[in-house]
Amino acid sequence: MDIKTATALRRLRLVSAPEAVSFLLLLVCSVLKRTTDFNAVPAMGAIHGILFVLYVLFWADAWNRTKWPLKTAALYFVLSVLPTGGFFAERKLKREAEDAVIASRARREGVVNA
């Protein structure tokens, strides 16, 4: 894995958890708006919107660089629209990055021909 691919995966991973948190907070703000006089939906909606757009941009970049199969790319996109999906995406991306580092070290040491 080259440095640009690793960077693209890292960016996607770093934005996935905050995007999930903002989605959950937006849902809470929506409920509070309808049950109380508290209305933070416009501010939280803007924050979530920016984080979602960043997630989609980083997802497209990562898909382009990693050459994921359509199924994998679709999974990461679907996780972005589920309320807690970003947490699962972050965990899965972390595992994928760790596996890539292990494979790279094994190749460098001549242990495997991966």
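Just so you know, these numbers come straight off a predicted model, no measurement behind them. (Residues numbered from 1 in each chain as written. Predicted model: local features only at pLDDT ≥ 70, side-chain atom pairs only at ≥ 80, totals over all residues. Heavy atoms only, no water.)

Undergrad: I'd like a description of the UniProt feature "transmembrane region" (unreviewed entry) in the chain, backed by residues and values.
TA: Look at the UniProt record and you will see "transmembrane region" (unreviewed entry) annotated at residues 39-60 and 72-89. Regarding residues 39-60, the helix share stands at 91% and the strand share at 0%, and the terminal C-alpha atoms are separated by 33 Å. (UniProt positions renumbered as here; feature names shortened; annotations may be inferred. Helix = DSSP H or I, 4+ residues; strand = E, 2+ residues; numbered from the N terminus.)

Undergrad: Which residues make up the nonpolar core, and what are the values?
TA: With 14 residues, the main nonpolar core has Leu12, Tyr55, Trp59, Ala62, Trp68, Tyr76 and Leu93 as its most contacted residues. Among the elements of the structure, helix H1 (3-35), helix H2 (41-66), helix H3 (70-81) and helix H4 (85-109) are those that each provide at least two residues to this core. When near neighbours in sequence (up to four residues on either side) are disregarded, Trp59 contacts Leu12, Trp68, Ala73, Tyr76 and Phe77. Counting residues in hydrophobic clusters, the runner-up holds 5 residues, among them Leu26, Ala40, Val41 and Met44. (Core = buried A, V, L, I, M, F, W, Y, C linked by side-chain atoms within 4.5 Å. Buried < 20%, exposed > 50% of the residue type's maximum accessible area, 1.4 Å probe, protein only. Contact = heavy atoms within 4.5 Å.)

Undergrad: Requested: an account of H2, with residues and values cited.
TA: The α-helix winds at 3.6 residues per turn, so residues separated by three or four positions along the chain end up facing the same way. In a regular helix each residue adds 1.5 Å, so 26 residues correspond to 38 Å; H2 covers 36 Å between its end C-alpha atoms and thus fits that length. Buried residues belonging to H2 abut H1, H3 and H4. In the stretch just after H2, Lys67 is the one whose phi turns positive, near 60°. (Expected span 1.5 Å × (residues − 1).)

Undergrad: Talk me through the UniProt feature "domain: DUF3817" (unreviewed entry) in the chain; I want residue IDs and the actual numbers.
TA: Mapped onto this numbering, the UniProt entry gives "domain: DUF3817" (unreviewed entry) at residues 9-95. When the span residues 9-95 is considered, its composition is 87% helix and 0% strand, and the gap between its end C-alpha atoms is 11 Å.

Undergrad: How would you summarise the pattern of salt bridges if you had to cite specific residues and measurements?
TA: Counting across every chain of the model gives 3 salt bridges. For the salt bridge of Arg11 with Asp61, the shortest nitrogen-to-oxygen distance reads 2.4 Å. Of this pair, Arg11 sits in helix H1 while Asp61 sits in helix H2, and the two are 50 residues apart along the sequence. Accessibility expressed as a relative area gives 31% for Arg11, which makes it partly exposed. A relative accessible area of 18% places Asp61 in the buried class. In this structure, the salt-bridge partner of Glu90 is Arg13, at a minimum N-O distance of 3.0 Å. Placement of the pair is Glu90 in helix H4 and Arg13 in helix H1, with a sequence separation of 77 residues. (Salt bridge = Lys/Arg side-chain N within 4 Å of Asp/Glu carboxyl O.)

Undergrad: Lay out unusual backbone geometry with the relevant residues and their values.
TA: Located in the positive-phi region is Lys67, a residue other than glycine, with phi close to 60°. As for its placement among the helices and strands, Lys67 is situated in the loop between H2 and H3. Overall, the relative accessible area of 62% leaves Lys67 in the exposed class.

Undergrad: How would you explain a nonpolar patch on the surface if you had to name every residue and give the values?
TA: On the surface, a nonpolar cluster with roughly 360 Å² of combined accessible area is contributed by Val21, Leu24, Leu25, Leu27 and Phe87. A per-element tally of the nonpolar patch places H1 first, with 4 residues. Within the secondary structure layout, Leu25 lies in helix H1. (Patch = residues over 30% accessible without salt bridge, like charges linked within 9 Å, V, L, I, M, F, W, Y side chains within 5 Å. Areas by Shrake-Rupley, 256 points an atom, 1.4 Å probe, with all protein chains shown as cover.)

Undergrad: Requested: an account of H3, with residues and values cited.
TA: With 12 residues, H3 should reach 16 Å at 1.5 Å per residue; the first-to-last C-alpha distance of 17 Å fits that figure. Within the span of H3, buried status applies to Ala73, Tyr76, Leu79 and Ser80. Taken around the axis of H3, the buried residues stretch over an arc of 125°, which confines them to a single face. In H3, those exposed residues whose orientation departs by more than 90 degrees from the buried face are Leu70 and Lys71. (Arc of directions from axis to C-beta.)

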